[in-house]
Every structure is written in structure tokens, then in C-alpha cells.
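Analysis of the macromolecular model
Each chain, letter by letter, is given below.
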Amino acid sequence: TKIFIKEGRHPVVEQKLDLNEFIPNDILLDNNQNYLYIITGPNMSGKSTFLRQVALIVLMAQIGSFVPASYCEIGIVDRIFTRIGTSDNLARGQSTFFVEMQETANILKNATKNSLIIMDEIGRGTSTFDGLAIAWAILEYIYNKKFIGAKTLFATHYHELTELENKNGIKNLSIAVNEDGDKITFLHKIIEEKAEKSYGIHVAKLANIPEEVIFYAEAILKRLEEKGEKREIIKEFSQEKSLFDNFNEFYQKNKIEADIIENIKFLNLDNMTPIQALNILYDLQKKIKKRG
């Protein structure tokens, strides 16, 4: 029943990249200690690619094909079940979330302990608490060997679910991220630990969301991280003058601060003479005065 893949790759995605650019990853799945993995981490970091490549390698091995990995052992899998992506059936009055739940119901009714289940972002189409409750209950149902007990990869942004790793057989995986000041690099490497955040605003920047929106989102996120109570913070923001109404003032203040911090952060103080330090301080003061 074991599935062990060493340095597995996605057979299609790697063809689109330059030689040796695709980052390979390992996985061990069995029906005892390692059968349900909760995968957290940023968008754009490679979670979905990892899920798909495991399913594809299992499928390719079972039809007798060579597989993109340096080594693998693939046990018998009766079926591969996937719940990935978004779709709807509006002509029949079925929303995206309803279709997601229909597909999930099919998995829960038909999967066995010998199945491989791949699930990506279950419960995101409804309210936060609703979605978390549904995702949690689905995880527990799949985990329970009385019901299914199948080998499962479950990608989610509900970081609360990572606390389930205390149960025997459930483990956390995440995508390694390198943070250097404001510069964030997704390393596309699977590591055995839980992610602390999702870097959604960083991904929004990469997609060229307007700078005003990014700054407003960062201001809201900062307030949320400081206080934590969502309803109260939304109420506070709704009673204040809109940030966009005095955006130039807000932007200039934060931009100046960010620039100064960035400049100071990367100074090599050990190799700097007093006169060089004075000149840098003079330049920073000049910047602040110039911007009012």
C-alpha cells in the first residue's frame, strides 16, 4: 500500500521550464503513520503542482509507464479522486460551491482505504467559519478508518487545521519561503512543517493590483494582526474617513518610512567611515524634507 516518490517532478510543467529549473520533491504515503497530509503555504508557491504531480506519477506507474522521479515505489491504488479548481453549472442553477460539494460528496461516498485522494482548497466558497467547519469535518471523515482512511493530500489556507497534526497519521507539509526584508521568494520546496501565513498581498503585487489597493490592504492587515477582532476592525474602518480620500498623504508617509528603513537595513556599518555615515544621514534627511 506504500507510495514513496523521491525527487518527483510534474511531467508537463517541467517541460515548460528551462533545464534543471523545476524543483523536485519527495513524498511518503502509507496506511499507517503517513496517510493524511495537510499542506499549507502561499498561493503561487507550488502546492497545486505538487498535488497534481503525485497523482500523475501514481497514474503513470499503474499503467506501466516510466515516471518523472529518481526513485519510486507505487503500491496498488484502486482509484484516484481529485477535487481541484473551480467550476459551476449555472444553466442548472448550480453555483461553484454547490458543484464543489457535489464532487466532494462523490469522493466521500466512493473512496476506500486503497484510494488516493487529492483535495485543494475545500470550503473556500462560503463564509470563513462555515468553510472551516466543512473542511475540518471532511478531513476527520477521511482520516477515520471506520469510514475511509485513504492516503490523502489536502491543501488549504485554513491554517487552523494544522493543529490536527497531533492525531496519529496526520502530518503537516508546507512550501519553503525565503524572506529578505520586503523581498519574498517562493522556493517551491516541500518541507515538513506548517506555514505561518499565506502572503496573499505579495501575490496581489505580482499580479499588478493598483498600488493604492496594496497599501490599503497592508494597512488593514496590520490592524488585523495587531487587534485580531475582524468585526470590530471593519466597524472602525467604516466609521473613519476612507483611506482613499487622503491617499496621497497616507502613501507619502508610508513610502518615506519604507524607503528609509530599506536604506538603513542594508548599510554595511563595519566598513563605513564616520564621514560616509554623516553623508548618508544627510541624504536621508534631504529625502524627508523634499517630500514634506
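For the structure itself, consult the block above.
The following paragraphs examine the structure supplied in this document.

Parameters and conventions
- Residues numbered from 1 in each chain as written.
- Predicted model: local features only at pLDDT ≥ 70, side-chain atom pairs only at ≥ 80, totals over all residues.
- Heavy atoms only, no water.
- Helix = DSSP H or I, 4+ residues; strand = E, 2+ residues; numbered from the N terminus.
- Buried < 20%, exposed > 50% of the residue type's maximum accessible area, 1.4 Å probe, protein only.
- Contact = heavy atoms within 4.5 Å.
- Areas by Shrake-Rupley, 256 points an atom, 1.4 Å probe, with all protein chains shown as cover.
- Pairing = 2+ DSSP bridges.
- Axes fitted to C-alpha atoms, helices over the stretch in contact; angles between N-to-C directions.
- Phe/Tyr/Trp six-rings, centres within 6.5 Å; stacked < 30°, edge-to-face > 60°.
- Lys NZ or Arg CZ within 6 Å of the ring centre and 35° of its normal.
- Core = buried A, V, L, I, M, F, W, Y, C linked by side-chain atoms within 4.5 Å.

Along the protein chain, the regular secondary structure elements total 8 helices and 9 strands. Residues counted as buried form 36% of the 292 residues belonging to the protein chain. Excluding contacts between residues fewer than 6 apart, the proportion of contacts in the protein chain whose partners are at least 24 apart in sequence is 66%. Of the accessible surface of the protein chain, which amounts to about 17,800 Å², a share of 53% is contributed by carbon and sulfur atoms.

So, on to unusual backbone geometry. One non-glycine residue, Glu7, lies in the positive phi region at around 55°. Here Glu7 shows up in strand β1 (residues 3-8). Here the phi dihedral of His188 falls at roughly 60°; this positive angle occurs in a residue that is not glycine. Residue position: His188 is located in strand β9 (residues 183-191). His188 sits in the partly exposed class, given a relative accessible area of 35%.

Our next topic: the sheet that holds strand β2 (residues 25-29). The strands making up a sheet associate through backbone hydrogen bonding, with each pair oriented either parallel or antiparallel. Here 3 strands make up an open sheet; going across it, the order is β2-β1-β4 and the pairing antiparallel. The sheet is open, and its two borders are formed by β2 and β4 (71-74), each paired with just one other strand. Between one strand and the next, the sheet's axes are offset by a mean angle of 15°, whatever the strand orientation. The sheet contact formed by β1 and β4 spans 4 bridges and is antiparallel. Its bridge partner being in β4, Lys6 is matched across the sheet by Tyr71. Lying on the sheet, helix α1 (residues 47-62) is in contact with β1, β2 and β4; it crosses β2 at an angle near 65°.

It is worth spelling out the environment of Leu187 at this point. Along the chain, Leu187 falls in strand β9. Expressed as a C-alpha distance, the spacing of Leu187 and Ile175, which sit 12 residues apart in the sequence, is 7.1 Å. Setting aside residues up to four positions removed in sequence, Leu187 forms contacts with Ile23, Ala176, Val177 and Asn178.

The next subject is the packing of aromatic side chains. A full pass over the atoms with the stated rule returns 4 aromatic pairs. On the numbers, 6.3 Å between centres and 65° between planes, the contact of Phe186 with Tyr199 is edge-to-face. Residue Phe186 is found in strand β9, and its partner Tyr199 is found in the loop between β9 and α4 (200-206); the two are separated by 13 residues along the sequence. The class for Phe186 is buried, based on a relative accessible area of 12%. Assessed through its relative accessible area of 14%, Tyr199 is described here as buried. The ring of Tyr158 has Arg124 sitting right over it, with the charged end atom 4.7 Å from the ring centre.

Following the sequence through the fold, Thr86 ends up in the loop between β5 (80-83) and α2 (96-110). For Thr86 and Glu121, which are 35 residues apart along the polypeptide, the C-alpha to C-alpha distance reads 9.8 Å.

Leu36, Ile117, Met119, Ile142, Phe154 and Leu161 are the most contacted members of the largest nonpolar core, which has 23 residues in total. Of all the elements in the fold, those that place two or more residues in this core are β3 (36-40), α2, β6 (116-120) and α3 (128-143). Looking at which element gives the most residues to this core, the answer is α3, with 6 residues. Residues contacting Ile117, with those up to four places away along its chain left out, are Phe81, Ile107, Ala111, Ile142, Ile148, Ala150, Lys151, Thr152 and Leu153. One finds Leu29, Ala69, Val77 and Ile175 within the second-largest nonpolar core, a separate group that totals 21 residues.

Purely geometric stuff here, so don't read any function into it on its own.
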